[in-house]
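The lines below spell out each chain.
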Amino acid sequence: IGGASGTDTETESIASSRNSERNRKKKDRKKANRKALQAQRIAMMAGGASSDAAAGSGDAAAEGGAGSAASELLAGMQVEYVPQAPEAELFGTEELSEMAEVFARFRPQAEAEKEESEEERAKREAKEKEEAAAAEEEEGGGEAANEVGKKAKRRLKRLSIAELKQLVSKPEVIEPWDVTSADPRLLVNLKSLRNTVPVPRHWSQKRKFLQGKRGVEKPPFALPEFIAATGIEKIRASVMEKENAKKLKGKMKERVQPKMGKIDIDYQVLHDAFFKFQSKPRLSRFGDTYYEGKEHEVQLRQKKPGVASDELQKALGMELGGPPPWLINMQRYGPPPSYPNLKIAGLNAPIPEGATYGYHPGGWGKPPVDEFGRPLYGDVFGTAGAEPAEQLAPSLSRDNWGAVEEDAEGSDDEEEEDEEEGGG
């Protein structure tokens, strides 16, 4: 039984292999016939000898020859389209006459140019340009309209600077570009917090940082004043002069056998310079960042508001003891809000003795009063009495907080010495 089953399987496998081989041959034959028919068609269109190509369609060698011949024919072939003008009878009616322009567009360019005159050609080109421009405007206009619409919506939702100042507790920290942030109120709140370091001001500049300092000579290093006071610079300069005066032989000898103690300076002077007279350098405050041109700004720490120096009075043309030129505007609009406690003569303080109100040269303007003649901003006439000094509460005691206790042993020793002296 086992031998019979083995022979059956062998016969089945042989039969299946034969069937597959037969199917493969059929497919190859079909492919060859298809290629041969294609080669015949190409040869017939080119007007070549199709009989030679069709004769070898049976085997693979003939197929290759036909394919190469067809490719050569296609490479050297030039197709020329011959247009045929539509008959005039087709466009007899008004509806069909409109189609004549459509058919005219499908004619070859050379023939159309021959038939068209120069005026017609110019009209056609102008019309085509207008249509193209209109199409571009429609496309671009739609996109621009969408963009403008989005920008306009964002601009409408944006708060103005005046509205933002009304919503926050510290409007003085607001800058013009704060309203363009995603959350302006949060930004202003962060800026108004204590110890907040502001963003450096060069963030919005187009040029690079410190670009304007190119070519500026850097000043040479200078010793601090407490070190220069020791005279170390003069001693060092004299030693350097002696070194430069030496010849090459002396310099080489100095390298081999160097001499110590050339700079003779008193060490007590150095000690006093570093431990008695040393001063701290000027340091920047917390959050004080550097920006371009900061070193050229005028330091206003020694200036006081309301006090005009002699140079400023001379520059403004003020008379000696006369009013400042901004007094008239202050009397009209009020004192500066940044200095609420500042006393200004003629505004919230009396004018100097011998001066008079008025608009004549040297006059102090008009005192700011209400409709009942009462001063608006302070004692401008000097009629109010002196401010009472702050008095301590009556319940507070004026006794000293403590007293130095006498040493008991020291007092006993003094008594014994007095007794001995009296006995002696």
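Parameters and conventions
- Residues numbered from 1 in each chain as written.
- Predicted model: local features only at pLDDT ≥ 70, side-chain atom pairs only at ≥ 80, totals over all residues.
- Heavy atoms only, no water.
- Helix = DSSP H or I, 4+ residues; strand = E, 2+ residues; numbered from the N terminus.
- Buried < 20%, exposed > 50% of the residue type's maximum accessible area, 1.4 Å probe, protein only.
- Areas by Shrake-Rupley, 256 points an atom, 1.4 Å probe, with all protein chains shown as cover.
- Phe/Tyr/Trp six-rings, centres within 6.5 Å; stacked < 30°, edge-to-face > 60°.
- Lys NZ or Arg CZ within 6 Å of the ring centre and 35° of its normal.
- Patch = residues over 30% accessible without salt bridge, like charges linked within 9 Å, V, L, I, M, F, W, Y side chains within 5 Å.
- Salt bridge = Lys/Arg side-chain N within 4 Å of Asp/Glu carboxyl O.
- Polar contact = N/O pair within 3.5 Å; in protein donor to acceptor, adjacent residues only side chain to side chain.
- Contact = heavy atoms within 4.5 Å.
- Core = buried A, V, L, I, M, F, W, Y, C linked by side-chain atoms within 4.5 Å.
- pLDDT = per-residue confidence, 0-100.
- Lys, Arg positive; Asp, Glu negative; His and termini not counted.
- Charge placed at Lys NZ, Arg CZ, Asp CG, Glu CD.

Visitor: What is the right way to read the overall build of the chain from this model?
Guide: The helix and strand inventory of the chain stands at 16 helices and 0 strands. For the chain, buried positions account for 13% of its 424 residues. Only carbon and sulfur atoms are counted for the fraction: they give 54% of the accessible area of the chain, which is about 37,100 Å².

Visitor: I would appreciate a short explanation of the packing of aromatic side chains in the present structure.
Guide: How two aromatic rings sit relative to each other is set out by the distance from centre to centre and by the angle between their planes. All chains considered together, the criterion is met by 2 aromatic pairs. Ring centres of W177 and W203 lie 5.7 Å apart, and the angle between their planes is 75°; this geometry places the pair in the edge-to-face category. On the criterion of sequence distance, the pair formed by W177 in the loop between α8 (161-167) and α9 (184-191) and W203 in the loop between α9 and α10 (225-228) is long-range, its members being 26 residues apart. The aromatic ring of Y291 is capped on one face by R201, whose charged end is 3.7 Å from the ring centroid.

Visitor: Explain a nonpolar patch on the surface here, please?
Guide: Taken together, the side chains of M99, V102 and F103 make up a nonpolar region of the molecular surface, amounting to roughly 260 Å² of accessible area. Note that F103 resides in helix α5 (residues 99-105). On the accessibility criterion, F103 (45% relative accessible area) is partly exposed.

Visitor: I'm lost on the side chain of Q331 in this one. Help?
Guide: Checked against the element boundaries, Q331 lands in helix α15 (residues 327-333). Judged by relative accessible area, which is 10%, Q331 ranks as buried. Engagement of the side chain of Q331 in a polar contact is seen with the backbone oxygen of G346, the distance being 2.9 Å. From its side chain, Q331 meets the backbone oxygen of W364 in a polar contact 3.0 Å long. Setting aside chain neighbours within four positions, we find Q331 in contact with G346, L347, W364, G365, K366, P368 and Y377.

Visitor: Sorry if this is basic, but what is going on with the pattern of salt bridges here?
Guide: Opposite charge on two side chains allows them to pair when their charged atoms are near. Going through the model one piece at a time under the given rule, you end up with 11 salt bridges. In this structure, R24 and D28 form a salt bridge, with 3.4 Å as the shortest nitrogen-oxygen distance. Here R24 and its partner D28 are both found in helix α1 (residues 2-46), 4 residues apart, which amounts to about one turn of the helix. Owing to a relative accessible area of 38%, D28 belongs among the partly exposed residues under this scheme. For E254, the salt bridge identified is with K246, shortest N-O distance 3.3 Å.

Visitor: Honestly, the nonpolar core in this entry has me stumped. Any pointers?
Guide: Side chains of a nonpolar character, in soluble globular proteins, are inclined to be buried together. Core analysis: the largest hydrophobic core is formed by 7 residues, namely L327, M330, L342, I344, L347, I351 and W364. Once you skip the residues sitting within four places of it in the chain, I351 turns out to touch A345, G346, T356, Y357, W364 and V380. Core analysis: the second largest hydrophobic core is formed by 5 residues, V168, I174, V179 and V188 among them.

Visitor: Just checking my understanding: could you explain unusual backbone geometry for this structure?
Guide: The phi torsion of most residues other than glycine is negative, and most of the peptide bonds are trans. The phi dihedral of N195 falls on the positive side, at around 60°, and the residue is not glycine. Note that N195 resides in the loop between α9 and α10. The phi torsion at L210 lies on the positive side, around 65°, for a residue other than glycine. For L210, a relative accessible area of 31% translates into the label partly exposed.

Visitor: What should I look at first to understand the confidence of the model for the chain in this one?
Guide: When pLDDT is low, close inspection of the predicted coordinates is not appropriate. Confidence along the chain averages 77 in pLDDT terms, with 71% of residues attaining 70 or more. For the chain, per-element mean pLDDT is lowest for helix α2 (residues 50-55), which scores 44, and highest for α9, which scores 93. Of the regions scoring below 50 in pLDDT, residues 1-6 engages in 0 contacts with residues more than four places distant in sequence or in other chains.

Visitor: How should I be thinking about a positive patch on the surface in this particular structure?
Guide: A cluster of like positive charges, contributed by R18, R22, K25, K26, K27, R29, K30, K31, R34 and K35, occupies part of the molecular surface. Position of K26 relative to the elements: it lies in helix α1.

Visitor: Help me out: how do you make sense of the side chain of N348 in this one?
Guide: One can find N348 in the loop between α15 and α16 (408-423). The class of N348 is buried, set by a relative accessible area of 7%. Within the local environment of N348, its side chain forms a polar contact with the backbone nitrogen of I344, the two atoms lying 2.7 Å apart. Not counting the four nearest positions on each side in its chain, N348 is found in contact with L342, K343, Y377, G378, D379 and V380.

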